[in-house]
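Coordinate inspection notes
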Amino acid sequence: MRVLIVEDEPAIAEALVFALKTEGFEATHVTTATEAKSLLSSPFELMILDVGLPDKNGFDFLREIRSKNKIPVLMLTARSEEVDRIVGLELGADDYVVKPFSPREVTARVRAILRRSQQPSGDKQNAFEVDEERTTIRYFGQALALSRYEYSILLLLIKRPGWVFSREKIMDMVWQEPEESFDRAVDTHIKNIRAKLKEVRPDLDPLQTRRGMGYSLKEDL
Ligand code: CA
């Protein structure tokens, strides 16, 4: 497995290279978007991309390459770039980690992304049909009456079946003003979504609670 690291801070890059190599990956490290671009024709399985690069914003770089290149991308963002993380995922990043992070956290995310990206695309979720323009979600053909937050949370989970989203991450990605809410609010919305799904299919419970970790959507419905 070959991983391309695009990061201009030497200490971070070295720690990542070391952690990845320790876990059996091959790691190539460059410090600019320009260098990264020149290497993208080589077969890398994943790219770790810093947002604050000397020659280009990582989001702009992602936008630029995304139309032609489907390489899985893990973004490295700073606290101050909080709002932009959502943009990153919309642009097609597969996940993000916030600095400062532990190299171990990054390698775990890398593994998770690779596991998902290597699954055959035939096992797509079809219990849910999403119409993003009308902001509606159908569950086994039946339209769900969801509040704005319920819709956004369920959409987030549907887009990445099997992924575990912590409460913090859900708030981060769904709430417009996260500081005004509390973790409990996520639990309440999840409870409501569950009840609405149960009305349609009392026999199924596609939302999984992962104790101490967060929530995920079952992969094989
Ligand atoms: Ca940087």
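Residues numbered from 1 in each chain as written. Predicted model: local features only at pLDDT ≥ 70, side-chain atom pairs only at ≥ 80, totals over all residues. Heavy atoms only, no water.

1. What to know about the coordination of the calcium ion
Protein ligation of the calcium ion involves D8 (OD), D50 (OD) and G52 (O), the donor distances falling in the range 2.2 to 2.4 Å. Within one chain, the residues donating to the calcium ion are spaced in sequence as D-x41-D-x1-G. One end of the pair, D8, is in the loop between β1 (2-6) and α1 (10-22); the other, D50, is in strand β3 (residues 46-50), and 42 residues separate them in sequence. By relative accessible area, which is 27% here, D8 ends up partly exposed. (Donors = N, O, S within 2.8 Å, 3.2 Å for Na, K, Ca; no water. Helix = DSSP H or I, 4+ residues; strand = E, 2+ residues; numbered from the N terminus. Buried < 20%, exposed > 50% of the residue type's maximum accessible area, 1.4 Å probe, protein only.)

2. Focus on the nonpolar core
Among the nonpolar cores identified, the biggest contains 69 residues, and M47, I48, V110 and L154 are the most heavily contacted of them. For this core, the two domains that each supply at least three residues are domain 1 (2-118) and domain 2 (121-217). Ignoring any residue separated from it by four or fewer positions in sequence, one finds M47 in contact with L4, V6, L40, F61, I65, I71, P72, V73 and L74. (Core = buried A, V, L, I, M, F, W, Y, C linked by side-chain atoms within 4.5 Å. Domains from an automatic or database assignment. Contact = heavy atoms within 4.5 Å.)

3. Overview of the sheet that holds strand β8 (residues 142-143)
Sheet architecture is open: three strands sit in the order β6-β7-β8, paired in antiparallel fashion. If you trace the sheet from one side to the other, it starts and ends with β6 (128-131) and β8, each paired once. Sheet topology places strand β7 (residues 136-139) next to β8; two bridges connect them, and they run antiparallel. By the bridge assignment, Y139 is partnered in β8 with Q142. (Pairing = 2+ DSSP bridges.)

4. Structural notes on the pairing of β7
The side-chain alternation of β7 yields one buried face, formed by I137 and Y139, and one unburied face, formed by T136 and R138. Alignment of β6 against β7, held across four bridges, turns out to be antiparallel. Directly across from F128, in β7, lies its bridge partner Y139. Where β7 hands over to β8, the hairpin turn is made up of two residues, of which F140 adopts a positive phi near 50 degrees.

5. Thoughts on the pairing of strand β9 (residues 207-210)
Examined bridge by bridge, β9 and strand β10 (residues 214-217) share four bridges and lie antiparallel to one another. Opposite T209, over in β10, you have Y215 as the bridge partner. Taking the residues between adjacent antiparallel strands as the criterion, β9 and β10 are bridged by three residues, where G212 takes a positive phi near 75 degrees.

6. Examining the sheet that holds strand β4 (residues 73-77)
Read across the sheet, five strands follow the order β2-β1-β3-β4-β5 without closing on themselves; strand pairing throughout is parallel. Among the strands making up the open sheet, the edge pair consists of β2 (26-30) and β5 (95-98). Strand-to-strand, the axes of this sheet are offset by a mean angle of 20 degrees, without reference to chain direction. As paired elements, β3 and β4 share four bridges and run parallel to each other. Counterpart to M47 in the pairing with β4 is V73. Seen against the sheet, α1 touches β1, β2, β3 and β4 and runs at an angle of roughly 165 degrees to β2. (Axes fitted to C-alpha atoms, helices over the stretch in contact; angles between N-to-C directions.)

7. Points about unusual backbone geometry
Here the amide bond leading from K99 into P100 is cis, since omega sits at -5 degrees, within 30 degrees of zero. One non-glycine residue, T135, lies in positive phi territory at about 45 degrees. Within the element layout of this structure, T135 appears in the loop between β6 and β7. Classification of T135 by relative accessible area gives partly exposed; the value is 48%.

8. As for helix α5 (residues 103-117)
With 15 residues, α5 should cover 21 Å at 1.5 Å per step; its first-to-last C-alpha distance of 21 Å lies within 8% of that length. Buried residues of α5: V106, T107, V110, I113 and L114, and no others. Each buried residue of α5 lies within a common arc of 125 degrees when the element is viewed along its axis, so the set occupies one face. Among the exposed residues of α5, those oriented more than 90 degrees off its buried face are R104 and R115. Residues of α5 that are buried make contact with β1, α1, β3, β4 and β5. (Expected span 1.5 Å × (residues − 1). Arc of directions from axis to C-beta.)

9. What to know about the side chain of D187
Mapped onto the fold, D187 is located in helix α8 (residues 183-200). For D187, a relative accessible area of 13% gives the class buried. At a separation of 2.7 Å, a polar atom in the side chain of D187 contacts the side chain of Y215. (Polar contact = N/O pair within 3.5 Å; in protein donor to acceptor, adjacent residues only side chain to side chain.)

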